[in-house]
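Letter by letter, the chains look like this.
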Amino acid sequence: SLEKEEKVLNKLKEKIMNTLDHKYFGKLCFDKANDTGIIWTGQVNEINVKMWYDEDMEVKREDLDKCAIFLENFKDNIKRATEILIETLKEDREYMDYHLEACKEANLPNDVVEFVLKMTVTAINLWIGDSELITIDFMILPEESDQILCVKFNEKGEVDAVDWES
């Protein structure tokens, strides 16, 4: 059928041009990834989202699908990340104590749950071809501190780590 031939032609074009058309992200061209490797930018709930691509890695449609599903279920995933942050800070308050000391005028809460609920999601990063598929950056007082707690999700959608970054 004509529709079948068109799909085959599109697949061939994708291979030649190193592009992929995705229902959520639209047309992605991997040959045109900028110097930093960003191939897509967007927003979810007014939070900046970037998709990063390593040219040495194979792009799998299933990875793009997993990223799309993650973004479509944004609120559930933020809730899960928030719960992990609470658990993490209950075990190790170093990030929290640092900010309580460094930002005394802000009167930050000393309670872990209240502290985490005051944190802001500042970025979501999608990593194509990496074992950490998605990272969510949380910050407390982003206008005063550049310190990030980064929640890292693997390709199965499980939280692999929480790292303190700046």
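Structure report, in brief. Small disclaimer: the values here were computed from a predicted structure and weren't measured.

1. Considering the overall build of the chain
Part 1 of the argument: Looking only at helices and strands, the chain has five helices and eight strands in total.
Part 2 of the argument: When the helices and strands of the chain are read in sequence order from the N terminus, they spell out α-β-β-β-β-α-α-α-α-β-β-β-β.
Part 3 of the argument: Sequence-distant contacts, at least 24 apart, represent 42% of the contacts inside the chain between residues at least 6 apart.
Part 4 of the argument: When the accessible area of the chain is evaluated, it comes to approximately 10,200 Å², of which 46% is carbon and sulfur surface.

2. Thoughts on the side chain of D137
Part 1 of the argument: Tracing the sequence through the fold places D137 in strand β6 (residues 132–139).
Part 2 of the argument: Put simply, D137 is tucked away with no salt bridge, and the nearest opposite charge, on K152, sits 8.1 Å away.
Part 3 of the argument: In this structure D137 touches T120, V121, T122, A123, N125, I148, L149 and C150, once residues within four positions along its chain are discounted.

3. Regarding unusual backbone geometry
Part 1 of the argument: The backbone of E46 sits at a positive phi, close to 65°, despite the residue not being glycine.
Part 2 of the argument: Mapping E46 onto the fold places it in the loop between β3 (38–44) and β4 (47–53).
Part 3 of the argument: With phi around 50°, L141 is a residue other than glycine that occupies positive phi space.
Part 4 of the argument: Examined against the element boundaries, L141 turns out to sit in the loop between β6 and β7 (148–154).
Part 5 of the argument: We classify L141 as buried; its relative accessible area is 16%.

Parameters and conventions
Residues numbered from 1 in each chain as written. Predicted model: local features only at pLDDT ≥ 70, side-chain atom pairs only at ≥ 80, totals over all residues. Heavy atoms only, no water. Helix = DSSP H or I, 4+ residues; strand = E, 2+ residues; numbered from the N terminus. Contact = heavy atoms within 4.5 Å. Areas by Shrake-Rupley, 256 points an atom, 1.4 Å probe, with all protein chains shown as cover. Buried < 20%, exposed > 50% of the residue type's maximum accessible area, 1.4 Å probe, protein only. Lys, Arg positive; Asp, Glu negative; His and termini not counted. Salt bridge = Lys/Arg side-chain N within 4 Å of Asp/Glu carboxyl O.

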